[in-house]
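Structural description and commentary
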Amino acid sequence: MTRPALAQADALALNAVLVAARQAIDVVCDRWSLSLVIAAFLGARRFNEYLESTGMANRLLTARLASLRADGLMASAPHAEGSPHQAYRLTGMGEGLFNVLLQMLRWEQAWGPQDRAGSVQALHLSCGSPLRPQLRCAACGVPAGARDIELRLSPAQMQRMPAKQTARRRSTLGSARPDPGVPVLGASLDIFGDKWGIEVLLCAFFRVRRFGDFRLCTGIAANILSDRLSRLIAAGVLRHDAPDYRLTEMGIDLYGVVVAIQDWADLWLADRYRSPLALIHRGCGGVFHPRAVCATCEAPIRHADVGLLDQTPFPAPR
Ligand SMILES: [Zn+2]
Ligand SMILES: [Zn+2]
């Protein structure tokens, strides 16, 4: 017996979730923008430093720095008094993405090939141990896995869904890869640097399984959808048990990054249509907010407490 197609109620709910998610996806899920945010966390400030650490072309870098400023993630000021050079720094909103990067790091440490040099060599300065983030419920402090979190839909919030949505549908997968060696958090960038891929992934979290249902929910053209499904399978986060596409354990474990992005969006994209989705921690019954703590000393990880070991030509930001 085959599973029936996605129920209409589920499709409506998922549509509302996607409408909310797209507002964050459009700001965050771009390979180049994420690369620049990571470079900034690693200490880049000047145009040439961003150029060097990302391998982006001049014009592309100029364009992305402008959109990061327009979106409020970065601000620029003269590098020094009277200097013609600008320094580009993360704003509070940009700094807020630190929690998202910590969840990417956690996921890569759990699943990434050990020989891949793209992970960050960093220390938790508070205890002197290598930086190993662990995901916990901020309310009760207990480690929380994907299956410990319940998804609850608010019908009232679904009713508030805007009829029209304006989304930027720029995708960066087609462009040439940067190649300054293996990029930091490269495996995460492959997944979260692409808007379409993320939408497919979100649908999979909602137990969408069939090709036609993915199309229905996302509106992605068939050829692009095939390509993204193949990429996600190649990345190890989906598997194809024909006719179904399902998340692998590695894919399910991406929940930490997804939840961290939603948390960031709820805080910083305040006037957006908020997701009708509430995340409840089954363990304590509270609303689930992710908190990254150090696996060794169990203290919450703050940006100021992280020291970089090497692999960066820039001094660690203070
Ligand atoms: Zn809890
Ligand atoms: Zn520690």
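Residues numbered from 1 in each chain as written. Chains lettered and ligands numbered in written order. Predicted model: local features only at pLDDT ≥ 70, side-chain atom pairs only at ≥ 80, totals over all residues. Heavy atoms only, no water.

A closer look at the overall build of the chain
As a reminder of what qualifies: Going along the chain from the N terminus, every DSSP run of H or I of four or more residues is numbered as a helix, and every run of E of two or more is numbered as a strand. Only protein chains enter the accessibility calculation, which uses a 1.4 Å probe. A residue is then buried if its area is under 20% of the maximum for its type, exposed if over 50%, and partly exposed in between. Throughout, a contact is declared for two residues whenever any of their heavy atoms are within 4.5 Å. For every accessible area listed, the method is Shrake-Rupley and the probe measures 1.4 Å; residues are considered covered only by the protein chains on display.
Counting its secondary structure elements, the chain contains 13 helices and 11 strands. Across the 318 residues in the chain, those meeting the buried criterion constitute 48%. Looking at the chain alone, contacts between residues at least 24 apart form 73% of all its contacts between residues at least 6 apart. For the chain, the accessible surface area stands at approximately 15100 Å², while carbon and sulfur atoms represent 53% of it.

Quick look at the coordination of the zinc ion (ligand 2)
As a reminder, the rule being used: Only nitrogen, oxygen and sulfur atoms within 2.8 Å of the metal, or 3.2 Å for Na, K and Ca, are treated as donors, and water is left out, so sites may look incomplete. Note on geometry labels: four donors, all angles 85 to 135 degrees, give tetrahedral; four donors become square planar and six octahedral when opposite donors are over 155 degrees apart and every other angle is between 65 and 115; remaining cases are irregular.
Only His-124 (ND1), Cys-127 (SG), Cys-294 (SG) and Cys-297 (SG) from the protein coordinate the zinc ion (ligand 2), and they sit 2.1 to 2.4 Å from it. Angles of 102 to 116° at the metal separate the four donor atoms of the zinc ion (ligand 2), which places the site in the tetrahedral class. Each donor residue of the zinc ion (ligand 2) lies on one chain, and together they are spaced H-x2-C-x166-C-x2-C. Note that Cys-127 is positioned in the loop between strand S3 (122-124) and strand S4 (129-130) and Cys-297 in the loop between strand S10 (290-294) and strand S11 (306-308), a separation of 170 residues in sequence. Residue classification places Cys-297 among the partly exposed positions, given a relative accessible area of 33%.

A word on helix H9 (residues 195-205)
Extensive coverage of H9 is indicated by the burial of 11 of its 11 residues. Trailing H9 by a residue or two, Arg-207 shows a phi angle of about 65°, which is positive.

Concerning the coordination of the zinc ion (ligand 1)
Surrounding the zinc ion (ligand 1) are the protein donor atoms Cys-137 (SG), Cys-140 (SG), His-281 (ND1) and Cys-284 (SG), which sit 2.0 to 2.3 Å from the metal. The sequence pattern describing where the donors of the zinc ion (ligand 1) fall on their chain is C-x2-C-x140-H-x2-C.

A closer look at the packing of aromatic side chains
Rules: Aromatic pairing here means that ring centres of Phe, Tyr or Trp (its six-membered ring) are within 6.5 Å. Orientation follows from the plane angle: under 30 degrees is stacked, over 60 is edge-to-face, and everything else is tilted.
According to the stated counting rule, one finds three aromatic pairs in the structure shown. Seen in terms of ring centroids, Phe-41 and Phe-98 are 5.5 Å apart; in terms of plane orientation they differ by 40°. Their pairing is tilted. Of the two residues, Phe-41 sits in helix H2 (residues 31-41) while Phe-98 sits in helix H6 (residues 98-111), which places them 57 residues apart along the sequence. The same class applies to Phe-41 as to Phe-98, namely buried.

Observations regarding the layout of surface pockets
Note the threshold: Every definition here rests on a 1 Å grid over the protein atoms only: cavities are sets of points where a 1.4 Å probe fits but cannot get out, pockets are open sets enclosed by protein on both sides within 12 Å along at least five of seven lines, and lining residues have some atom within 4 Å of a point. Grid points are joined across faces, edges and corners, and a volume is the space filled by probe spheres set on the points. Nonpolar residues are Ala, Val, Leu, Ile, Met, Phe, Trp, Tyr, Cys and Pro. Charged residues are Asp, Glu, Lys and Arg, and all others, Gly as well, are polar.
Size it by volume and the largest pocket reaches roughly 1000 Å³. Lining the largest pocket are 42 residues, with Leu-151, Leu-202, Ala-204, Phe-205 and Phe-206 sitting closest to its centre. At the level of elements, helix H1 (8-28), strand S6 (149-153), H9, strand S8 (244-247), helix H13 (255-268) and strand S9 (277-281) are the ones that each hand at least two residues to the lining of the largest pocket. Counting residues per element, the lining of the largest pocket draws most heavily on H1, at nine residues. Of the residues contributing to the lining of the largest pocket, the split by class is 29 nonpolar, two polar and 11 charged. Roughly 360 Å³ of internal volume is contained in the second largest pocket. Taken together, 19 residues line the second largest pocket, and the ones lying closest to its centre are Gly-96, Asn-99, Asp-263, Leu-267 and Pro-290. Of all the secondary-structure elements, those providing two or more residues to the lining of the second largest pocket are H6, H13 and S10. The greatest single-element share of the lining of the second largest pocket, amounting to six residues, is contributed by H13. Across the lining of the second largest pocket, the residue classes break down as 10 nonpolar, five polar and four charged.

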